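Observations on the model geometry
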Amino acid sequence: MQAEDIKQEIRRLLAERNAVLLAHNYMRDEVQEIADITGDSLGLSQEAAKTNAEVIVFCGVHFMAESASILSPGKTVLLPRLDAGCPMADMVTVEGLLELKAKHPGVPVVTYVNSSAAVKAVSDICCTSANAVKVVNSLPDREVIFVPDRNLGQFVAKQSDKTFHYWDGYCPTHERLKADVVARLKEQHPDALFVCHPECNPSVVALADHACSTSGMYDFCRRSPAKRFIIGTEAGILYRLRQENPDKEFILASPALVCPNMKLTSLEDILEALTTMAPVVKVPEEIRVPAKRALDRMIAIPRD
Ligand code: SF4
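Here's a quick rundown of the structure. This structure is a prediction, so every number in the text was calculated from the model and none was measured.

Calculation rules
Residues numbered from 1 in each chain as written. Predicted model: local features only at pLDDT ≥ 70, side-chain atom pairs only at ≥ 80, totals over all residues. Heavy atoms only, no water. Helix = DSSP H or I, 4+ residues; strand = E, 2+ residues; numbered from the N terminus. Rg over C-alpha atoms; globule rule 2.2 N^0.38 Å. Buried < 20%, exposed > 50% of the residue type's maximum accessible area, 1.4 Å probe, protein only. Areas by Shrake-Rupley, 256 points an atom, 1.4 Å probe, with all protein chains shown as cover. Lys, Arg positive; Asp, Glu negative; His and termini not counted. Charge placed at Lys NZ, Arg CZ, Asp CG, Glu CD. Pairing = 2+ DSSP bridges. Axes fitted to C-alpha atoms, helices over the stretch in contact; angles between N-to-C directions. Salt bridge = Lys/Arg side-chain N within 4 Å of Asp/Glu carboxyl O. Contact = heavy atoms within 4.5 Å.

1. Some details on the overall build of the protein chain
When its secondary structure is counted, the protein chain shows 16 helices and 12 strands. By the compact-globule yardstick of 19 Å for 304 residues, the protein chain fits well, its C-alpha radius of gyration being 19 Å. The C-alpha extent of the protein chain, read off along each of the three principal axes, is 55 × 50 × 30 Å. The proportion of buried residues among the 304 residues of the protein chain is 55%. Accessible area of the protein chain: about 13000 Å², with a carbon and sulfur share of 52%. The positive charge centre, built from 34 side chains, and the negative charge centre, built from 40, are 4 Å apart in the protein chain.

Next comes the structure, spelled out in structure tokens:
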């Protein structure tokens, strides 16, 4: 089947199944192109929850489909590639987190949404890369346990006077970007702004003109009068950045910024999922309810 025929068949099945197609900002271009909604992991789940769709097709990785299931328990959540996981989310286990909690009794656990539903369920509050500083600073406690991303944790700690107990997790994709590579690129393009994700190593973040979430990056690059940007996050973000800013140039800071898990989902996989209505991701109620509590606490914090 040709790509155009596959797309047509996907659209037909989406209508037939009353399904909404979500694509994370790091997905392949052709997947973002056909999606009903593109965005970051939590934003997508929140948007999908608002729709009347009975089926959510989540083009992303496993923890994202779990978040969709947590927020929309009445909908069927399909993850076209069940093998699309997140190595950073897998770095923290419930048992390990409970041990860390036992070492710091009474200290609240702030968990990045890039984590399993089971880990969220034993956490006090969740955060995204966009609101992590606000979430941490909203807590009355003087100490926090931050999991699983040590890089995001250190980024937040610089903007907080609390004591942090980090989980030693990281995103292997963002960690591959090295400070010397960025420094060289900045020398080659002195007019360019370097924008990176706080999942990057602190030595890389230190070189950034702006460090922010993927949604923050779209916003920053759109508003900025600069014409050239060096981008320090997963390559998939370039698709929308270039579409939204045809007069600006975007340089990926390193060809290593490709997450293999985010690139697994193809148009064929989406078609297969819609045809067979599988694989389904469903978070069991005993995990969903406490995990949702941690997400709800975060959502309750007022935005600026
Ligand atoms: S880019 Fe990093 S955090 Fe995102 S899914 Fe890939 S490994 Fe996980």
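2. Digging into the sheet that holds strand β1 (residues 19–24)
The strand order across the open sheet built from 4 strands is β2-β1-β3-β4, with neighbouring strands paired in parallel fashion. One side of each edge strand has no neighbouring strand; the edge strands of this open sheet are β2 (37–39) and β4 (76–78). Each strand axis lies, on average, 25 degrees off the axis of its neighbour in the sheet, ignoring direction. Note that β1 and β2 share 3 bridges and pair parallel.

3. Considering the pattern of salt bridges
The tally for this structure, following the rule as stated, stands at 21 salt bridges. One salt bridge connects arginine 28 with glutamate 30, and the closest N-O pair in it is separated by 3.7 Å. Take arginine 28: its relative accessible area is 27%, and that puts it in the partly exposed class. Judged by relative accessible area, glutamate 30 falls into the partly exposed class, the value being 28%.

4. Side note on the environment of valine 107
Relative to the helices and strands, valine 107 resides in the loop between α6 (94–103) and β5 (109–112). Those residues in contact with valine 107, other than ones at most four positions away along the chain, are Asp124, Glu143, Val144, Ile145 and His165.

5. Notes on the sheet that holds strand β9 (residues 193–196)
Sheet architecture is open: 4 strands sit in the order β10-β9-β11-β12, paired in parallel fashion. One side of each edge strand has no neighbouring strand; the edge strands of this open sheet are β10 (210–211) and β12 (249–252). Sheet analysis places β9 next to β10, joined by 2 bridges and oriented parallel. Note that in β10 the partner of valine 195 across the bridge is histidine 210. The sheet contacts of helix α14 (residues 237–244) involve β11 (228–232) and β12, and relative to β12 the element is tilted by about 165 degrees.

Read these as layout, nothing more, since geometry by itself doesn't imply function.
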